[in-house]
Each structure stands twice: as C-alpha cells, then as structure tokens.
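Here is how the chains run, residue by residue.
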Amino acid sequence: MSETTNSGTKGWQVSLSGLQFAVFSTRNFVFFLAVLAMNFTLFRPSPVDLLYITAFLFTLFYLTLSPRLGVTRRAVYLSLAVGAWAVSYMLASAPHVGEENVLFELLAKTFSIAIGVIGAFVSMSWNRRHFETFMRVYVVSCSIASVLGIIGFFLQNELLTWDGRAKGLIDDPNMYGSFLIPAVIFCAYLLTRTRANKVFFLGAMLLILLGIFFSLSRIALVAALACLLAYIFFQNRRDPRRLLLILLGLVVSAVLLPGIISIASPEFSERFLERLTLAQPYDLGEEGRYGRYLLVLPMIMQDPIGVGVLQLEKIFPEPIHNIWLSSFVNYGWGGGIAWLCLAFGSAVVSIRNYRRTRSEIPVVLLASLVGIVMCATLHEGEHWRHMWLFFGLVWGLNVFCLGAATKQKAARPQPMSRQGQMAPER
C-alpha cells in the first residue's frame, strides 16, 4: 500500500513538474512575442497589450502550480508605487472624465504602466539564461524597427517617418529613438558572452545606432552614446588597454559616419546640424518647452491634486514634455512622489542587486532604463511601454535565481520559498 502510494505520489510529482515547465515555457514565449511586437505602437490599446496580459495570466497560473514560488517583496513594492501613480492620475482626472478623449487616455495609460507590473512578475522567476534570451529577442525587435525606420527615412515614407525623421511603426521619432537605446547596450553585453554570434551583434549594434541617428532625436542620440560609454567603462574597468581600443574605435566611427553621410546627402547633413543644437525655436520663448517648465512650477505648489490628463493642453499649445514635472503638475504630489520613488528606487535596487550577485545584468538593465528616462525627461514618455517594461525588469530581478544561474545551468526554474529564497533540491 505504501509503495503504491509513494509510486502514485511520485508519478503526480513528475506530471506536476512537466505542467509547470510547459506553463513556464509558454508564458516566456508569449512574453517574448510581446517584446517583438513592441515595435508596432500606432494605435492604443495595441495588440501588444493583449499579449502582455496573456503572459500575466500564465504567470498567475504558474504561481498557482508552484506553491513554493512566492511573489518577491520588490515586485510588491513596484506594484504599490505604480498603483500610487495610477491612483493619482485617476483622482486628478476624475472631474474631467466626461470630456473628449480623457477616458480613453486613462485607459491607454493604464495599459502602459501595467506592463511594468507584468514585467516584474514574469522576470522574478528568471535566471541569467532567461534574461539573456530576453536581450536577444529585444535586439531582434529593435533591429526590425531600425530597418523599417532607415528604409522609411531614405524613401521618406509617411507611415515610417514623422517630419522627415525615422520612426518605423512607432508613434514618433523620440519614442522610437528611446526604444532602441537598450538594444545598443544589450549588444555590448552579448558581444562578450558569445563567440559564434559576435558579427551578428556587432552588426546589430551598428544598425540600431543608425536607426537612432536617422531619428534625429537629439536626446536619444546623446543618451545612447552616454549610456553605452558608461557601460563600456564599467565593463572594461580592469582592462585599460582594451577600453582604449574600444573608445578609439567608437571615436573613429563617430567621426567617419557623419562625414560619409554629408558627402552622400548634403541636405541631410544640413538637417542633422540643425537638429544638433541645444534649443530649437519651439524650445524657446515664454510658452516654449523650457519656458513651460518654469510656468508649471507655481501650478505644482498651488494644486496638490493635479490638473489631470489632457488639461495642460488647454493652457499651453503643447504638453509639458517632461515626465518629472508632468507627474507633479498633471497627477499631483502623489503622482510626483510615486515617480521619484520609481526612478531613484530603481537605481538603489540595481546597485544592491549587483552587489549581491556580481552579475552585469543589473547594470545592463539600469543603464538601459537610465537612457530611456533621459529621453522621457525632454518628451512625453508616460505612455512608453518599453520604459515601464524596464522598470518591471529592474524590480523583478530575483537575486536568488540570478545567483543560482551562475553556479548551475538549469533548464528549468527552481522553486522558491515565499520569501524569494531558493528551495532545497530533493
């Protein structure tokens, strides 16, 4: 009887393990498919939102099947911070719900920020191999977007450009440029982790940098180069000779590329130099971009609840185009404080993750997020799905899973206790 019971129990454990692996693999496939689909954002809600929601449902099912896999505290903290940001814009916008497009804007914004929570819940069961797979998928997604943007730029296709600037199938060139930044850093990371695919990742990096270049987004180009250089310094901090050679290669490329393009297309050269300034005409003046920054400061002090979505357009000709100020003036002090917790908390979490794992993955994720936030500082980045995705990945990273991956190449995620610790193997 005992043998039968034990045999039956063993058979059930094998079946449960297989089911867990099937759900886990399917969830990752759907999630990676959503990452590929992120280079199409021409309308909201987008099909990519449905894919992310599906991945989240699979994650909940996986948690149900894995009683020892608990939700990590950091995933909960991120959910609370994102929830506070959402509650703030709901409260601020409540008096204006009946106005045109306000309800739709709230719905679209909610879908976007939900990706942050989904990213955290998905990635908290990932080890190093899963994060590197995500990086490869993201590089492919950005390579597709870059090809579309570059083709659109040279053909001046209206669907793939905006005001003559490359954007692919993404809303605008600034969002497009910020979307490509993490892929550049991923390529730098993956170049040191592979021997067979070095040519692919080097080619992908150049292709994606060209995509950013033709977007003519000043901040995207600056952010991409700054974050890439910062990561290269970190990556080669113990090898000055290698660091010097890499920097020389980047300098030569930076000098040659504009020169070649200026010879091939003098018109583009003139447009590029025109864009390569600290201030355009729409940045200056009392109601220009920088002027609006000063004008909203008294509004933040006078209205702790916030004016709500789409309300500043009644006062200024354009939105505030600064996510730090926008969070305060549009969604009140609650929204502003929630954003500060997300931004600075992400840096703290990444540094602690690196210290505990000595893995470069937390550094790569932080550098990617910093590049995106730099772009959102000069643009309306609240609806950028990729920004919220990287918030989720930074907070969702589980140091126990990542640490275990450096010691063993497990094909399947090991179950964890409810405190986020790896459960002992049987």
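### Topic: the overall build of the chain
Here is step 1 of the chain: For the chain, the helix and strand inventory stands at 15 helices and two strands.
Here is step 2 of the chain: Per-residue burial for the chain yields a buried fraction of 52% across its 426 residues.
Here is step 3 of the chain: For the chain, the accessible area works out to roughly 19900 Å², and carbon and sulfur atoms hold 68% of it.

### A word on a positive patch on the surface
Here is step 1 of the chain: Residues Arg 237, Arg 238, Arg 355 and Arg 358 make up a contiguous surface patch of positive charge.
Here is step 2 of the chain: Among the secondary structure elements, Arg 238 is positioned in the loop between helix H8 (218–235) and helix H9 (240–264).

### Section: the pattern of salt bridges
Here is step 1 of the chain: Following the criterion strictly, the structure yields six salt bridges and no others.
Here is step 2 of the chain: Two residues, Lys 314 and Glu 99, come together in a salt bridge whose shortest N-O distance is 2.8 Å. Linking Lys 314 in the loop between helix H11 (289–302) and helix H12 (323–357) with Glu 99 in the loop between helix H3 (73–93) and helix H4 (102–123), this pair joins segments that are 215 residues apart in sequence.
Here is step 3 of the chain: With relative accessibility at 30%, the residue Glu 99 sits in the partly exposed group.
Here is step 4 of the chain: Between Lys 109 and Glu 382 there is a salt bridge; the shortest N-O distance is 3.1 Å. In this pair, Lys 109 sits in helix H4 while Glu 382 sits in the loop between helix H13 (361–376) and helix H14 (385–396), placing the two residues 273 residues apart along the sequence.
Here is step 5 of the chain: The class for Lys 109 is buried, based on a relative accessible area of 3%.
Here is step 6 of the chain: Within this structure, Glu 105, Lys 109 and Glu 382 form a network of salt bridges that share partners.

### A closer look at a nonpolar patch on the surface
Here is step 1 of the chain: Together, Phe 29, Leu 33, Leu 36, Val 140, Ile 144 and Phe 200 make up a nonpolar patch on the protein surface, roughly 510 Å² of accessible area in all.
Here is step 2 of the chain: Considering every element that reaches the nonpolar patch, the biggest residue donor is helix H1 (residues 2–36), with three residues.
Here is step 3 of the chain: Note that Phe 200 resides in helix H7 (residues 198–215).
Here is step 4 of the chain: Look at Phe 200 and you get partly exposed, because its relative accessible area is 43%.

### Considerations on the nonpolar core
Here is step 1 of the chain: Grouped together as the largest cluster of nonpolar side chains are 109 residues, with contacts concentrated most on Phe 31, Tyr 52, Phe 134, Met 387 and Phe 391.
Here is step 2 of the chain: When residues in this core are grouped by element, the largest group, 14 residues, is from helix H6 (residues 173–191).
Here is step 3 of the chain: Sequence-distant contacts of Phe 391, that is, excluding residues within four places in its chain, are made with Leu 78, Trp 339, Leu 342, Ala 343, Ser 346, Leu 369 and Val 373.
Here is step 4 of the chain: If you look at the next biggest cluster of nonpolar residues, it comprises 11 residues, including Ile 300, Val 307, Phe 316 and Phe 328.

### Topic: the environment of Thr 161
Here is step 1 of the chain: Of note, Thr 161 is situated in strand S1 (residues 161–162).
Here is step 2 of the chain: Here Thr 161 falls in the buried class, since its relative accessible area comes to 8%.
Here is step 3 of the chain: With 11 residues separating them along the chain, Thr 161 and Asp 172 place their C-alpha atoms 7.9 Å apart.
Here is step 4 of the chain: When neighbours within four sequence positions are excluded, Thr 161 is seen to be in contact with Gly 152, Phe 153, Gln 156, Ala 166 and Lys 167.
Here is step 5 of the chain: Within the structure, the side chain of Thr 161 is placed 2.6 Å from the backbone oxygen of Asn 157, a separation counted as a polar contact.

Criteria and thresholds
Residues numbered from 1 in each chain as written. Predicted model: local features only at pLDDT ≥ 70, side-chain atom pairs only at ≥ 80, totals over all residues. Heavy atoms only, no water. Helix = DSSP H or I, 4+ residues; strand = E, 2+ residues; numbered from the N terminus. Buried < 20%, exposed > 50% of the residue type's maximum accessible area, 1.4 Å probe, protein only. Areas by Shrake-Rupley, 256 points an atom, 1.4 Å probe, with all protein chains shown as cover. Patch = residues over 30% accessible without salt bridge, like charges linked within 9 Å, V, L, I, M, F, W, Y side chains within 5 Å. Salt bridge = Lys/Arg side-chain N within 4 Å of Asp/Glu carboxyl O. Lys, Arg positive; Asp, Glu negative; His and termini not counted. Charge placed at Lys NZ, Arg CZ, Asp CG, Glu CD. Core = buried A, V, L, I, M, F, W, Y, C linked by side-chain atoms within 4.5 Å. Contact = heavy atoms within 4.5 Å. Polar contact = N/O pair within 3.5 Å; in protein donor to acceptor, adjacent residues only side chain to side chain.

All we've got here are geometric facts, nothing functional implied.
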